Every structure is written in C-alpha cells, then in structure tokens.
Amino acid sequence: MSIRDLIREALRSLESNRGRSLLTILGIVIGIAAVIAMTSLIGGVRNSLISGLGLNAARTVQISCSYPMDTDDVADIARLMPEYEALEGSAYGYTQAQGSNCTVDANIRGADSAYLEMTGEVKLAEGRMFTSAEEQAAARVIILDKSGVQAFFGTPDAQVVGKSIRLGSHDYQIVGVDEKMPASSTGTENVYISVYTPLQTCLDDFSMGYPYLSTVTGLAREGTDMDAIVETTMQQVAKVMGIDEENIADNVYVYSMKSTVDTMSGFMNSFSLIMGAVAGISLLVGGIGIMNMMLTNVTERIREIGVRRALGATRRDITLQFLMESAVVCVAGGILGTVIGYLLSWGLSAIASALGLLGSMGMTTPGATATLTPQISPEAIAAAVGLSIAIGLIFGWYPARRAAKLDPVECLRSL
Amino acid sequence: MTPVIEMQGIHRIFESEAGLAHILHGIDFRVEAGEFVAIIGPSGSGKSTLMNILGCLDTPTAGTYRLSGLNVAELTDDELAEVRAHEIGFVFQSFNLLPRLSVLENVMLPLAYTDCPRHERERRAVHALHAVALDVGHFDHRVNELSGGQMQRVAIARALVNDPAIILADEPTGNLDSHTGALVMQTFHRLKDAGKTIVLITHDAHVAAEADRMVTIRDGRIYHGDAPYDEVPEVVMAAADTRQKEATR
C-alpha cells in the first residue's frame, strides 16, 4: 500500500471514531502543550533578559574605582587595552523643570552614543543618537523618554524632534525620543523622567562642578576570555589610577555581566529540565493511552484484518496500516497541543506581566514596562510534531505487530 | 494445457491440546481454465478447510497444490499474499465488505495491494461493478445502505477487479433468499460465460447443480464418483505425531 493510501485509511479510521480518538490523544495534547508553553515562555524570558541587560550583555564589563575617574583616565585605559571594542564612561545629573501642567524631576544621564549603543540603554522611537560633533562640542542636545514627552508636550505621541525644552538654566534641543515610558508617580504633582545628553554636556551643565564619571563600561571584542579580561582590566585601571598592587582588590572593582547571564541561563536550563520531565510523564501516559486504543481497534477490526489479508495484504501492509493510524492520531494531538501550548504561553505571560514578575526578577531596564512576549520557533513546532510521530510509532508498534501476526483464517471466522 | 488448480494427495491435520484433527484426507482435485466447479458437502465435511487451502490462506500438511502452475508450498508468506492479490478473488458467505468504505472503495481495495495506480484502480472498479450489473447510483453509497443481493454483487465485483485466475466463492448464496440467490448465480453464469474459472463451495444441492461439474466432499474426502482415497501416508502421521509430542514436552 502506498503512503497516500495509508494516510487516507488512517484518517478514515480516525473519523469513524472521533470521540474515542479525541479522548485518547488528550495525554499527547497536554504533554505537547506543556512543552510548547514552556519553550515559548523560556524563549520570551531569555529575550527579555537580553533586552533588559542589553544585546551585548555577555561581553560587557563594568568598571569602578574608589578614586574618581574622568574621561582622560578612561581614554588611557582604552589605549592600554585593545581587547576592548569600546570603553566609555557615563555620568549622572539631576534637575527640575516645569512641564505643561506639572513639575518635572529629570534624571540626567550623560553618555555618548557609543555608550548608549553598547549598553542598549536607549531604543529610539524616533529621531537619532548624538553625533560626534555634538559630543565633542558638548552641545545642548537631548534624547527624551516618552514620559518626558508627555510631561512637556501633553501626550507621549507628540512629534517633538527638533523642538526645545528648558532644563535648568538652558534650552536643550530634542534630537531623539526613547521608546521607554516608565510608570510615573501618578496622583502627585511631580513626574519623574529620564533625559540623555552627551557626556560632556552632562559634566558641564549638571554635575555641579564634579567632573568625574559615575560609571565606566567596556565592551570586549568577540571571542575574548571574559575572566582574563576582568583580571587584566583591574591591573590596568590600577596602573592608570596609580594604585599599588596590594591595594587593587580593595579599590578597583571590575565585573563581567557574563556571570549574570550564565547564572540566568543555568536557572532556565534547570527549569526546562524539570518542566521537560513533567511533560515527558504526560507524554508517556498519553502514549500508553494510544497503545490501549490501538489494541482495542485491532480487536474490533479483527475480521477486517482477515479480509484484507485474503485480498492480498501482507503482514507488512497490516503493520504499516495500524502504525500509520497511530502516528496520524498522535500528529493530530501534537498539532492541537502546539496550538493550545502557544495560547497557554500567551495567557501565562500576560499574567506574569500583570503581576510584575519580570521587574521583580530584574529582567527589565530601570523604569521600563515589564512585558513578556512568548517566543515560539519553527524548530520547536517541528520538534513537537516529530515527537508526536515518534510517540505514535513507538506505542503503536506492538498493536500493529499483533494485528499483522493474526491468522487470517481465524480472523475471518470471528464474529 | 496446465490446469488452473491441481491438488494431489492433500492432507490437512490440525494440532490442538485435544490432539490431532485430521480434516482432509488425500484430496485430489483439478480445475481447468474456464470451468465452473461446485464442491458440495455437509457441515463439518472439510469444505472450509479446503477453501482456505485453495485460497492460499492455509497450507496443507502434506500433498502438492499447484495454482496456475505455481507450487504453493514453496511460497513465502509475502509471496502467498501476492498470489492472493493477483490470482484469487474471494466471495464470502457474509460478504465481508468494509462498512467504512463506499461501494467503489470496497471494490478498489484489492488493487491497493498491487502496483496499480489510483486512477486505474477506479476505472477497473467501475468496470467490475458494471460486470455485476450494479447501478451507478450506488457507487458512492456506504455498503450498509445496500440490500443483501446488492452487497453480494459488490463482493463479486471486488473479487473480479484484479482479474484473478480463479474466483473462490464460499457459500455465496448462504445469507440470501432464494430469489436474490438466483440473481447472484446468474452473475456467476455470466462470469463463467466470460471465461472466468469459478470454484463454488456450498451445502445446497440446488446451487451446486448449476455448476458445470459437481464434486462431493464428505469426512474430508473428495468423491468424484470413484472410491474415496483413504490411505494416509505414514510419513504424514509420523510428522504430526512428533510435533504433538514436542508441544506437550
């Protein structure tokens, strides 16, 4: 019998026993749904983590020192360490401003475009990053977040690129808008916003005479040994800052994000393993149900088996027929389970987002809205369908062979 | 000319916990191409056992069975299935049509076990249904929507569709009333006139009388009008006895 004939026969058999087939594949549906929901959610969590930490999180190094560091220090370290693709500093400032109908508390973040791109801290909704000329000239240009747009212009969707706002004693031109819209302190007269300026602009206008950097961040080149670069960076920072060897550990702190990423990955892998075990048990139970249904089918259709053998079916034909029925039932269960699993992952992610679980796990950038988007890959779908077929073949094998070994004469005699 | 069926010295012995059951005793049986032969015998005479051996569903304990020149005893299980698919058309007493399939699909079923392409299967099935004079309007019906006589004609069409060397009919009118049975026998006559070789097994003398030749089976022996062959080769009994002893060890 051809594959097409086998599939046709299998679908016909399914259709004639729809209710029983549906009940039988419940175990498969639940198992596959659990696997799909788990992989979708973990994919979404992983993406949120990477998004929250920045695209380059695994290659990022944070540097701090007991002694204040300025831009010249960072430039010296960068010259000594070609292992870094980028080494940038940032500064913090603060000011208050008058919005359209409220007082605005503005957290000023002074950082050049290289820093912002390295860390992924800013995701532009419109406009552009600072130019080199603006950074070198300490130009009074800013990137405003959406809450700032709302505070100054009444609505977060206002077209503000090219317009100016007053911060402190100067006007600043808006060159870009960050897509983040952190939850404001509603119900009060004050609104908290984030404003990005070029590093030197922040140091000149908002540091209140303190020209030192708040953070120094480096992006290691691809393939760099992160443990080694941490060690080397400590040595070079000490050298630039004039710190003795014996005092390095107490005064220089270099931290790689790789360990954070590795820890989170380890946690997710453990979680995947546990969920996989649970799903595996469900699939095992489902497979046993499939075997039970197929054995019942064989018993009910014993005469049909005899007729088919009389008409020229070989033992192999009978085996393949029942195996195909088992596989088709399981594939149907796998597809249904995939759809349900995907819907389940959306439901669970909505609940997680509503409960603020992502923010509490530190998987968002400061002030960002914590949402989780399930990620289902074509590979996961293919694996689910493949697993379903495998279950159908494994648990359908015994009933199929039993059917094939029946004596056709005895089959034809049965009532 | 080579006969379509040639049986010589066929014995069939069944082994069970109760002992040996010697069902067929030295059957000699021969059918030429185009013959319509009826095998008649009472219940328990060995008709069904003989039918199963003729249809390659069972193998004899001893003796030679040649079907269209092929020595059936030398064939493997898959080869026997291929013989059934190409050389034999079965017509059963209880029709044995598959209720999930339509009339046309039932008739096409034997061809699914051959290399016949699907479009050709449908053409041949339609041709076979025309040969048994079944109305076209019934082709898409489920078989349980048909009368007994119609179902048996569908079963005959299914037996014809692979253009077999022989048609084996086991009590084809057994579940039909006399009028419908007569219609079915008319169908067999038409097939015979078309050159088909038909072996029909029945307990009904009237049905058997319609065949060209009648052969009687009683107590596992064929009567052609001569004395029955009732000598059992010693080697057959010894082999069966040895198997029985090994089974009980």
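Before reading on, note that the structure itself is shown above.
The present account deals with the structure reproduced in this document. (Residues numbered from 1 in each chain as written. Chains lettered and ligands numbered in written order. Predicted model: local features only at pLDDT ≥ 70, side-chain atom pairs only at ≥ 80, totals over all residues. Heavy atoms only, no water.)

**Examining the overall build of chain A**
Helix and strand counts for chain A stand at 16 helices and 10 strands. Among the 415 residues that make up chain A, the fraction classed as buried is 49%. At a minimum sequence separation of 6, the contacts of chain A that also span at least 24 residues come to 79%. Within the structure as shown, chain A displays about 19,300 Å² of accessible surface, and the carbon and sulfur contribution to it stands at 59%. (Helix = DSSP H or I, 4+ residues; strand = E, 2+ residues; numbered from the N terminus. Buried < 20%, exposed > 50% of the residue type's maximum accessible area, 1.4 Å probe, protein only. Contact = heavy atoms within 4.5 Å. Areas by Shrake-Rupley, 256 points an atom, 1.4 Å probe, with all protein chains shown as cover.)

**Thoughts on unusual backbone geometry**
Residue and element names in this part refer to chain B. Look at asparagine 96: it is not a glycine, yet its phi comes out positive at around 55°. Mapped onto the secondary structure, asparagine 96 falls in the loop between strand S6 (88-91) and helix H3 (103-108). With a relative accessible area of 6%, asparagine 96 lands in the buried category.

**Things to note about empty space enclosed by the protein**
Gaps left between atoms are located by rolling a probe of water-molecule size over the structure's atoms. Applying the stated criterion to the full structure yields 3 cavities of 30 Å³ or more. For the largest cavity, the calculated volume is near 120 Å³. In terms of lining residues, the largest cavity is bounded by Met1, Asp5, Arg8, Glu9 and Arg12 of chain A together with Leu101, Glu105, Met108, Leu109, Ala112, Arg118 and Arg121 of chain B. Contributing elements (two or more residues each) for the lining of the largest cavity: helix H1 (3-16) of chain A together with H3 and helix H4 (118-131) of chain B. Here the lining of the largest cavity gets 4 residues from one element, more than from any other, and that element is H1 of chain A. (1 Å grid on protein atoms, 1.4 Å probe; cavity = no way out; pocket = protein on both sides within 12 Å on 5 of 7 lines; lining within 4 Å. Points joined across faces, edges and corners; volume = space filled by probe spheres on them.)

**Here we look at the sheet that holds strand S2 (residues 19-31) of chain B**
Residue and element names in this part refer to chain B. In spatial order, the strands read S2-S1-S4-S5; together these 4 strands make up an open sheet with antiparallel pairing. A single partner strand is all that each edge strand has here, and the edge strands are S2 and strand S5 (70-71). Both strand S1 (residues 5-16) and strand S4 (residues 62-67) contribute to a ladder of 5 bridges, which runs antiparallel. Paired with histidine 11 across the bridge in S4 is alanine 62. (Pairing = 2+ DSSP bridges.)

**Regarding the interface of chain A and chain B**
Listed as interface residues are 24 residues of chain A and, on the opposing side, 23 residues of chain B. Buried surface at the junction of chain A and chain B, summed over both partners, amounts to about 2,300 Å²; 55% is from carbon and sulfur atoms. Looking at the side of chain A facing chain B, the largest losses of area belong to Arg12, Ala310 and Leu311 of chain A, adding up to 27% of the total buried there. Our count for the contact surface shared by chain A and chain B stands at 5 salt bridges. (Buried area = accessible area lost by both parts, 1.4 Å probe. Salt bridge = Lys/Arg side-chain N within 4 Å of Asp/Glu carboxyl O.)

**Digging into the pattern of salt bridges**
Evaluation of the coordinates by the stated rule reveals 29 salt bridges over all chains. A salt bridge links glutamate 105 of chain B to arginine 12 of chain A; the shortest N-O distance between them is 3.1 Å. With glutamate 105 of chain B in helix H3 and arginine 12 of chain A in helix H1, the pair connects residues from two separate chains. Among the residues examined, glutamate 105 of chain B registers a relative accessible area of 23% and is labelled partly exposed. Note that arginine 20 of chain A is salt-bridged to glutamate 300 of chain A, the shortest N-O span being 2.7 Å. With arginine 20 of chain A in helix H2 (residues 18-24) and glutamate 300 of chain A in helix H11 (residues 258-300), the pair connects residues that are 280 residues apart, well separated along the chain. One connected set of salt bridges, linked through shared partners, spans Glu9, Arg12, Arg301, Glu304, Arg308 and Glu325 of chain A together with Arg100 and Glu105 of chain B.

**A closer look at helix H2 (residues 77-87) of chain B**
Among all positions in H2 of chain B, only Leu80, Ala81, Val83, Arg84 and Ala85 of chain B are buried. On its buried face, H2 of chain B is in contact with helix H12 (302-310) of chain A together with S4, S5 and S6 of chain B.

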